[in-house]
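Chain residues, written in single-letter form:
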Amino acid sequence: QVKLVESGGGLVQPGGSLRLSCAASGSIFSIYVMGWYRQAPGKQRELVAGITSGGITKYAVSVKGRFTISRDAAKNLVSLQMNSLKPEDTAVYYCTSGGTNLGDYWGQGTQVTVSS
């Protein structure tokens, strides 16, 4: 079992920045990939970004160039730096991990609201 706990959500104005963090505990030796999904009201959950234990990253087209995912293996931490935020980035952001692909384990989610 892996437990994921997110932090760092909140309210920010358009053009602003936020940093999300996700701490993993439990059977962390089983984790190969970590990442973030988001779900806006009335929409399906979508991949935002992922990073493997080897540092290979993947981003949604909508966030590429604005968001940066990073991983601190020593601290079992994955972070998402979000810059140039837009109202359409408003969603609940979920941390997830997997032994092969994302989605084995999920955090409780953290709300990100981009509004003036």
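Cut-offs applied
Residue numbers restart at each chain and count upward from 1, following the sequence in its written direction. Per-residue local features of the predicted model are confined to residues with pLDDT of at least 70, and side-chain atom pairs are confined, for both listing and counting, to 80 or more; whole-chain, interface and lining totals are unaffected and use all residues. To get the side-chain values, take all heavy atoms of the structure and skip hydrogens and water. A helix here means a DSSP run of H or I that spans at least four residues, while a strand means a run of E at least two residues long, and both kinds are numbered starting from the N terminus. C-alpha atoms define the radius of gyration, and 2.2 Å times the number of residues to the power 0.38 defines the globule rule. Think of it in three bands: with a 1.4 Å probe and only protein chains considered, a residue is buried below 20% of the maximum accessible area for its type, exposed above 50%, and partly exposed in between. Areas reported here follow the Shrake-Rupley algorithm with a probe of radius 1.4 Å; residue values treat only the protein chains shown as occluding. Only four residue types enter the charge count: Lys and Arg as positive, Asp and Glu as negative, with His and the chain ends excluded. To locate a charge, take NZ of a lysine, CZ of an arginine, CG of an aspartate or CD of a glutamate. Between any two strands, pairing holds if DSSP finds at least two bridges. Note on geometry: axes are C-alpha line fits, over the in-contact stretch for helices, and angles between N-to-C directions span 0 to 180 degrees. Cysteine sulfur atoms are paired as a disulfide whenever they fall within 2.5 Å. To qualify as a nonpolar core, a set must consist of buried Ala, Val, Leu, Ile, Met, Phe, Trp, Tyr and Cys residues joined through side-chain atoms within 4.5 Å.

Chemist: Can you tell me about the overall build of the protein chain, naming the residues and giving the values?
Modeler: Counting its secondary structure elements, the protein chain contains 0 helices and 11 strands. The order of α-helices and β-strands along the protein chain, N terminus first, is β-β-β-β-β-β-β-β-β-β-β. Taken against the 2.2 N^0.38 rule, which gives 13 Å for 116 residues, the C-alpha radius of gyration of the protein chain at 13 Å falls within 12% of a compact globule. Its C-alpha atoms give the protein chain principal-axis dimensions of roughly 40 × 25 × 25 Å. The 116 residues of the protein chain split such that 40% are buried. Counting every atom, the protein chain has about 6,100 Å² of accessible surface; 51% of that belongs to carbon and sulfur. Of the side-chain charges in the protein chain, 11 are positive and 6 negative, and the distance between the mean point of each set is 2 Å.

Chemist: Could you give an account of the sheet that holds strand 7 (residues 67-72), naming the residues involved and the relevant values?
Modeler: The antiparallel open sheet is built from 4 strands, whose spatial order is 1-3-8-7. Pairing within the sheet leaves two strands with one partner each, and these edge strands are strand 1 (2-7) and strand 7. The mean inter-strand angle of the sheet, taken between neighbouring strand axes irrespective of direction, is 15 degrees. In this structure, strand 1 lies alongside strand 3 (residues 18-26), joined through 6 bridges in antiparallel fashion. Residue pairing in the sheet places Glu 6 in a bridge with Cys 22 of strand 3.

Chemist: An account of the state of the cysteines is requested, with residue identities and associated values reported.
Modeler: Scanning all chains against the criterion turns up 1 disulfide. Here Cys 22 engages in a disulfide with Cys 95; their sulfurs sit 2.0 Å apart. Across the S-S bond of Cys 22 and Cys 95 the torsion is about -80 degrees, and the bridge reads as left-handed. A residue pair is termed long-range when its members are at least 10 positions apart, and Cys 22 in strand 3 and Cys 95 in strand 9 (residues 91-98) qualify at 73 residues. Here Cys 22 and Cys 95 have matching classes, each one buried.

Chemist: Break down the nonpolar core for me, with residues and values.
Modeler: Of all hydrophobic cores here, the largest spans 28 residues; its most connected members are Trp 36, Leu 80, Met 82 and Tyr 93. Residue assignment for this core shows that the elements contributing at least two residues are strand 1, strand 3, strand 4 (33-39), strand 5 (46-52), strand 7, strand 8 (77-82), strand 9 and strand 11 (110-114). Top element by residues in this core is strand 3. It accounts for 4 residues.

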